[in-house]
Amino acid sequence: MIDIQILDTPLSVEQCRNYVAADDAGAIVEFIGTVRRQTQGKAVIRLEFEAYPAMALLEMRKIAEEAIVRFSILRVSMHHRTGILEIGAIPVVIAVSSAHRAAAFEACQFCIDTLKQTVPIWKKEIFEDGEVWVAAHP
Amino acid sequence: MIDIQILDTPLSVEQCRNYVAADDAGAIVEFIGTVRRQTQGKAVIRLEFEAYPAMALLEMRKIAEEAIVRFSILRVSMHHRTGILEIGAIPVVIAVSSAHRAAAFEACQFCIDTLKQTVPIWKKEIFEDGEVWVAAHP
Amino acid sequence: MKIRVLTFGIVRDITNTGNLWVELPAGSNSADLQTLLQEQFPALKRLNSLRIAVNAEYVTPDTLLRDSDEIALIPPVSGG
Amino acid sequence: MKIRVLTFGIVRDITNTGNLWVELPAGSNSADLQTLLQEQFPALKRLNSLRIAVNAEYVTPDTLLRDSDEIALIPPVSGG
């Protein structure tokens, strides 16, 4: 069972957890990304996330499907935020449930690692003296 | 920063997450144990958890301190439940925050793996036809 | 054929539009589109990567394009 | 000396009490206590493990016991 959402409103970690909770689950592992106040020693004012929604939803679903095939997990919920995010806000939540905990840890880490490689979402860091699209340039 | 609690009331995942949230954190990883409706193919009616509280608190704190030394993490919150738990209830929550996600995953898994080895808490599984202290016998 | 190309992130900044219209010979493939755009916008060559998606899927350079496709330029992603 | 031993889980079931009182010679160590209790309650020998904690810390078999210590028998743990 897979729940994929891209939202321009604050994410609910509880909603992701409630989705993956199941009577057969002994473990839930959640990854929650949060906006840091600095990156590489530089103060961040805010982040802006932009998505290509139709494709991002498809790519996120592929990741969740692969996680279910590769690991022995029950349910996956992946929510990603778009728009302006202040320090401490949550750009991404990934929740995974499984009978046993090792699979949930592996699958959750696989989902966030792969999301960062393949899902068409872009992050702009806004500093006091400028802004930069993350990872765009060498 | 370390938050260790043993409680005989329902655990709050939000409380653990709020404790570890920090402006320097880019990642929070949470492990949530949940009571499965079956174990080794046998239907579970409920679980009962008993702790040696003074020692369990000390052992949990040792684990959190070691996690902070070994991994590059910011804060740890570990809550464990005692008493009677029905299917779906949460015996344990571990939340870890860090600047980068790999450390949070490693540390969270270390905490739950070690908790299961060293912390004096005991789980009794209650079945329709009897009950058993988990792991007591070969 | 005239195709519409969706742009995002730094590619939208470079091209200064979210909808780029491009004239290509019929039978052009993904690599042809990329070459044309990199000539028109040399700043695209300086990106860490630039992938093309057709109908919301990453495609290989030899993928043929049709003017009915939804085509997008995907600069290095940085979600999460 | 007379020492009090806290019991938990299956050890409490085996000994039928949460507070076991044991008479030991002064100078006895953790191994002596374990031996005595396993004689008194043979079912303890069938456990996967049985550790002794003194003042809320696991101790080695040669740790000397005092009647002022808080002593506990720790059967295999199964938290989480």
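Anything mentioned here points back to the structure above.
Here's a quick rundown of the structure. (Residues numbered from 1 in each chain as written. Chains lettered and ligands numbered in written order. Predicted model: local features only at pLDDT ≥ 70, side-chain atom pairs only at ≥ 80, totals over all residues. Heavy atoms only, no water.)

Notes on the interface of chain C and chain A
Interface size is commonly expressed as the accessible surface area that is lost when the partners come together.
Stage number 1. Facing 24 residues of chain C, the contacting portion of chain A comprises 28 residues.
Stage number 2. When chain C packs against chain A, close to 2,100 Å² is buried across both sides, 55% of that on carbon and sulfur atoms.
Stage number 3. Its largest share of buried area at the contact with chain A, chain C owes to C:Val77, C:Ser78 and C:Gly80, together 28% of the area lost on that side.
Stage number 4. There are two salt bridges connecting chain C and chain A.
Stage number 5. Note that C:Arg12 and A:Glu50 form a salt bridge whose closest N and O atoms lie 2.4 Å from each other.
Stage number 6. Summed over the shared surface of chain C and chain A, the result is 18 residue pairs in polar contact (both at pLDDT 80 or more).
Stage number 7. It is helix H1 (residues 9-15) of chain C that contributes the most residues to the side of chain C that touches chain A, four residues altogether. (Contact = heavy atoms within 4.5 Å. Buried area = accessible area lost by both parts, 1.4 Å probe. Salt bridge = Lys/Arg side-chain N within 4 Å of Asp/Glu carboxyl O. Polar contact = N/O pair within 3.5 Å; in protein donor to acceptor, adjacent residues only side chain to side chain. Helix = DSSP H or I, 4+ residues; strand = E, 2+ residues; numbered from the N terminus.)

Quick look at the relation of the copies chain B and chain A
Stage number 1. If you rotate chain B by 180° and push it 0.0 Å along the axis, it lands on chain A with an RMSD of 0.0 Å. This pairing of chains is accounted for by a two-fold axis. For chain B, the minimum C-alpha distance to the rotation axis belongs to B:Glu30 and amounts to 2.5 Å.
Stage number 2. Most of the interface of chain B is mirrored in chain A, where 97% of its interface residues again form contacts. (Least-squares fit on C-alpha atoms with pLDDT ≥ 70 in both.)

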